[in-house]
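What the coordinates show
The residues making up each chain are set out below.
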Amino acid sequence: MTGLRPFELAAILAGGRGARMGADKARLDLGGETLAERVHRSVAAVANRVIQVGGESALAHRGVGQIPDRYPGANALGGLATALGWAEEELGADAWVLVVACDLPFLEPTLLRRLAADREGADAVVPRTALGYEPLCAAYRAGAAPAFAAEVARGNLRIFAAYRTLRVREVPEADLRAADPDLRSFLNLNRPADLEAARALVAPGAGGS
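Residues numbered from 1 in each chain as written. Predicted model: local features only at pLDDT ≥ 70, side-chain atom pairs only at ≥ 80, totals over all residues. Heavy atoms only, no water.

1. Notes on the overall build of the protein chain
Short version of the rule: Elements are defined by DSSP. Helices are runs of H or I of four residues or more, strands are runs of E of two residues or more, and each kind is numbered from the N terminus. The reference for a compact globule is 2.2 Å times residues^0.38; the radius of gyration itself is calculated from the C-alpha atoms. Think of it in three bands: residues with accessible area under 20% of the maximum for their type are buried, residues over 50% are exposed, and the middle band is partly exposed, with areas taken using a 1.4 Å probe on protein chains only. Whether two residues are in contact is decided by their heavy atoms, any of which lying within 4.5 Å being enough. Each accessible area value is a Shrake-Rupley result obtained with a 1.4 Å probe; residue values ignore everything except the protein chains displayed when judging cover. In this tally, Asp and Glu contribute negative charge and Lys and Arg positive charge; neither His nor the terminal groups of the chain are included. Taken as the charge location is NZ of Lys, CZ of Arg, CG of Asp or CD of Glu.
Along the protein chain, the regular secondary structure elements total seven helices and 10 strands. A compact globule built from 209 residues should have a C-alpha radius of gyration of about 17 Å, and the protein chain, at 16 Å, falls within 12% of that. Across its three principal axes, the protein chain shows a C-alpha extent of roughly 45 × 35 × 35 Å. Taking all 209 residues of the protein chain together, 50% fall into the buried category. If you take every contact in the protein chain between residues at least 6 apart in sequence, the share linking residues at least 24 apart comes to 71%. Looking at the protein chain as shown, the accessible area adds up to about 9400 Å², and 49% of this sits on carbon and sulfur atoms. Treating the 24 positive side-chain charges of the protein chain as one cloud and the 25 negative ones as another, the clouds have centres 1 Å apart.

Here it is in structure tokens:
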């Protein structure tokens, strides 16, 4: 793949219930934009097409289509399997999909492009920090869809379980920090306190974005 946007598709997962947040996270305001709008702004810089997976449509005004979760109740794994299954059908097995959660408001496009650099010969390119894998800010070949669907069928809802059958390339923390020194791309908002901390980062004079 060549061109300014290295991914054929970006899938924003928005099917979570937001129980810990107590609200639909995709629609929460942060600095005058919803979380979904902020995520869209970042991924649209690196993907030719963007879809929302699950949840209520939050980006129709941005021209983003919404597809229903094929695996209700299967948590993030179900959303990931849905995104890749749809991409495989629509774009082919060799299409590369950037999969991100809707609650990552500080995604750095430079880091997302870094993921694309390691995809040759892989089925998945996954950031790995001192805290572990970041599977919901990662790149996947659409042809990996059956591996994730198989785990759903087994009732094993851990995304990592499917990695055992895939060619996974890890992007080490040093490389990630070269693109995003503070690793804010992986700052996800689960609770009201997380949202308040993020609002402090984007407040005037705080130096956030």
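So, next bit.
2. Comments concerning the environment of A147
Locating A147 in the fold gives a position in helix α4 (residues 145-154). Classification of A147 as buried rests on a relative accessible area of 14%. In this structure the C-alpha to C-alpha distance between A147 and S57, which are 90 residues apart in sequence, comes to 27 Å. For A147, the residues in contact, after removing those within four places along its chain, are A162, T165 and L166.

3. Some details on α4
Since the α-helix turns once every 3.6 residues, residues separated by three or four places project in the same direction. Looking only at α4, the buried set comprises A145, A147, F148, E151 and V152. Just beyond α4, the residue with positive phi is G155, at close to 80°.

4. As for the nonpolar core
Rule in force here: Only buried Ala, Val, Leu, Ile, Met, Phe, Trp, Tyr and Cys residues count toward a nonpolar core, and they belong to the same one when joined by side-chain atoms within 4.5 Å.
Core analysis: the biggest nonpolar cluster contains 34 residues, and F7, I12, V43, L98, L107 and L112 have the highest contact counts within it. Other than its neighbours up to four places away in sequence, I12 contacts V39, H40, V43, V50, I51, Q52, V53, L59, V100 and C102. Of all hydrophobic cores here, the second largest spans 31 residues; its members include L9, A95, A144 and F148.

5. Points about the packing of aromatic side chains
Inclusion rule: For Phe, Tyr and Trp, where Trp contributes only its six-membered ring, two rings pair if their centres lie within 6.5 Å, and the inter-plane angle classes them as stacked under 30 degrees, edge-to-face over 60, or tilted in between. Over a ring means this: the NZ of a Lys or the CZ of an Arg is within 6 Å of the ring centre and within 35 degrees of the ring normal.
All told, the structure shown has five aromatic pairs when counted by the stated rule. Centre to centre, the rings of Y133 and Y163 are 5.3 Å apart; their planes meet at 85°, and the pair counts as edge-to-face. With Y133 in strand β8 (residues 132-133) and Y163 in helix α5 (residues 159-163), this pair connects stretches of sequence that are 30 residues apart. Using a relative accessible area of 23% as the deciding quantity, one classes Y133 as partly exposed. Relative to F148, the ring of Y140 has its centre 5.5 Å away and its plane inclined at 90°; by these criteria the two rings are edge-to-face. Accessibility assignment for this pair places Y140 and F148 in one class, buried. Every member of this aromatic cluster is reached through a ring pair, and the members are Y133, Y140, F148, F160 and Y163. The ring centre of F7 lies 5.9 Å from the NZ or CZ of R119, which sits over that ring. Taking NZ or CZ as reference, R128 lies 4.5 Å from the ring centre of Y133, over its face.

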